[in-house]
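Architecture at a glance
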Amino acid sequence: MHSLRTLTKLDLTNNGIGDPGAGALASMIRHNCVLDTLLLEDNQIGDHGGLAIGHALLQNTTLHVLNLKSNMLHDATCSAFVATFMTNTSLTVLNIESNDINYANHSAVSKLIHDHAREWKLTAAPRFKKELERLRKEEPKLATKESQIAKLVADREYLDAEAARNSSETSNAVQYTQEKLEELQQGLADGNADLEKIKADIHAVEEATADENKVRNENKKKSQTKQRLAQDSTRLSKMGRDKVVAEYQAMASELASEETRLLAEIAFTKRRGAAATDAKTGYVSSIKETTEGDSFDLEQLLYEALDVDMSDAPVYVMKEEEIAGGKGEGEDCKVEEVEKNDGGGGETPKRTASTISTGSKGSKGKGDVKIQMKVFK
């Protein structure tokens, strides 16, 4: 508002500007030289705002009307107004009714304002004369101002015509734009429908692709599983073969050790059998010569003579058989070794049998004894 050069009347009645607003107006009043009337009725202005306005009027000579009715002013503000209006004589109308001001201060301010109004009327003629002289000096400039005004009017009419034309063009453009917008909206709707369809197709393709990938992954997993199983089978087969080979080698070593032990036992048995055969031959012959025709247990006698306890060798099976038809009397006993092999291929344990035979000459069914000792390996 400091820069306004044409505003002569400002009405802010009943706006509740308070002291902050009054302080801002005071700053404006201090520098404004064209404002003639200021109306601030019913604005809740207190002494702070009133004092600011009073101090600002000390530097203002153009404000003639000030209305501060129905505010919250007190005697302090009114006293400041009295001091101000003793210096400032330009204010001719002041309304401070309906404020908390005593009669004396109100009367003093009213008297000063009345004197200012009377003085203003008394000096009106010289003032009007001075103003008339000023206007006469400005009269030569009036034609120029009028031509400027005429030009401005013409420019305004041209601008109004341009505005009307532009308005018509704008209306047409708006209508065209609206039509195009409707077409674009329809096209957008169609495009959205096509887009939804494409999205649905893409979704279907993605689902099909996902199913295909799933099947491919499952087949890949199956292939990998088969390959892994084949590798595991190969590894297990190799491990099985290695285990069988190791077991076979251990068994072969064990069998070799057992064979060595049995061969040693067989050799020992042969030596013992040979000794027994020699003793038995002589003993049997003497028994037959002395007991011919008597009944006796030859086997028991033989065992007692040989002093052999066959239970000490549990791996041997000793069997007594009757022999149909004996050998000649006094024929020496002999030990026969028979190696038998069970049927079937592959590595098969051997069985070794030792046979001790004896017989009496010229007799059948009696006194003929055959003792077998079998070693199974």
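Reference entry: report on the structure contained in this document. (Residues numbered from 1 in each chain as written. Predicted model: local features only at pLDDT ≥ 70, side-chain atom pairs only at ≥ 80, totals over all residues. Heavy atoms only, no water.)

**So, the overall build of the protein chain**
For clarity, the cut-off: Helix and strand assignments come from DSSP, with helices taken as H or I runs of at least 4 residues and strands as E runs of at least 2, each series counted from the N terminus. Between buried and exposed lies partly exposed: a residue is buried under 20% and exposed over 50% of the maximum accessible area for its type, with that area taken using a 1.4 Å probe on protein chains only. Whether two residues are in contact is decided by their heavy atoms, any of which lying within 4.5 Å being enough. For the accessible areas, the method is Shrake-Rupley and the probe is 1.4 Å, while residue cover comes only from the protein chains on display.
The secondary structure content of the protein chain amounts to seven helices and eight strands. Looking at the protein chain as a whole, 22% of its 377 residues are labelled buried. Partitioning the intrachain contacts of the protein chain with sequence separation of at least 6 by distance along the chain shows that 75% fall at a separation of at least 24. Looking at the protein chain as shown, the accessible area adds up to about 26,100 Å², and 55% of this sits on carbon and sulfur atoms.

**Description of the packing of helix H4 (residues 103–122) against helix H5 (residues 124–138)**
Defined as follows: Orientation is described by axes fitted as lines to C-alpha atoms, over the contacting stretch for helices, and by angles from 0 to 180 degrees between their N-to-C directions. Any angle between 65 and 115 degrees counts as roughly perpendicular, while under 35 counts as roughly parallel, over 145 as roughly antiparallel, and the rest as oblique. The nonpolar class holds Ala, Val, Leu, Ile, Met, Phe, Trp, Tyr, Cys and Pro. Asp, Glu, Lys and Arg form the charged class, and all remaining residues, Gly among them, are polar.
Closest axis-to-axis distance for the H4/H5 pair is 5 Å, and the angle between their directions is 50 degrees. The angle between the axes of H4 and H5 places the two elements in the oblique class. Residue-level contacts link Trp120, Lys121 and Leu122 of H4 to Ala124, Pro126 and Arg127 of H5. Considered class by class, the residues forming the contact of H4 with H5 number four nonpolar, no polar and two charged.

**With respect to the side chain of Thr62**
This is how the line gets drawn: By the criterion applied in these results, polar contacts are pairs of N or O atoms within 3.5 Å in which, for protein atoms, one can donate a hydrogen and the other can accept it, and in which residues neighboring in sequence qualify only through two side-chain atoms.
Mapping Thr62 onto the fold places it in the loop between helix H2 (47–56) and strand E3 (65–67). Looking at Thr62, its side chain comes within polar contact range of the main-chain oxygen of Leu35, at 3.4 Å. Ignoring any residue separated from it by four or fewer positions in sequence, one finds Thr62 in contact with Asn32, Cys33, Val34, Leu35, Asp36 and Ser90.

**Observations concerning the nonpolar core**
Condition: Put simply, a nonpolar core is a bunch of buried Ala, Val, Leu, Ile, Met, Phe, Trp, Tyr and Cys residues held in one set by side-chain atoms that sit within 4.5 Å of each other.
Ranked by size, the top nonpolar core spans 28 residues in total, and within it Leu68, Phe85, Leu94 and Val109 carry the most contacts. Those elements that provide at least two residues to this core are helix H1 (18–31), H2, helix H3 (75–85) and H4. In terms of residue count, H1 provides more of this core than any other element does, five residues in total. Non-local contacts of Val109, meaning those with residues more than four positions away in its chain, are made with Cys78, Phe81, Val82, Phe85, Leu94 and Ile96.

**Some thoughts on the pattern of salt bridges**
What counts here: What counts as a salt bridge is simple: a side-chain nitrogen of Lys or Arg found within 4 Å of a carboxyl oxygen of Asp or Glu.
As enumerated under the stated definition, the model contains 11 salt bridges in all. Ionic pairing is found between Asp115 and Lys111, a salt bridge with its closest N-O pair at 3.4 Å. You can see Asp115 and its partner Lys111 sitting in helix H4, four residues apart, about one turn around the helix. The class for Asp115 is partly exposed, based on a relative accessible area of 22%. The partner of Arg216 in a salt bridge is Glu212, and the shortest N-O contact between them spans 3.0 Å. One end of the pair, Arg216, and the other, Glu212, are both in helix H6 (residues 140–290), four residues apart, so they sit about a helical turn from each other. Owing to a relative accessible area of 43%, Arg216 belongs among the partly exposed residues under this scheme.

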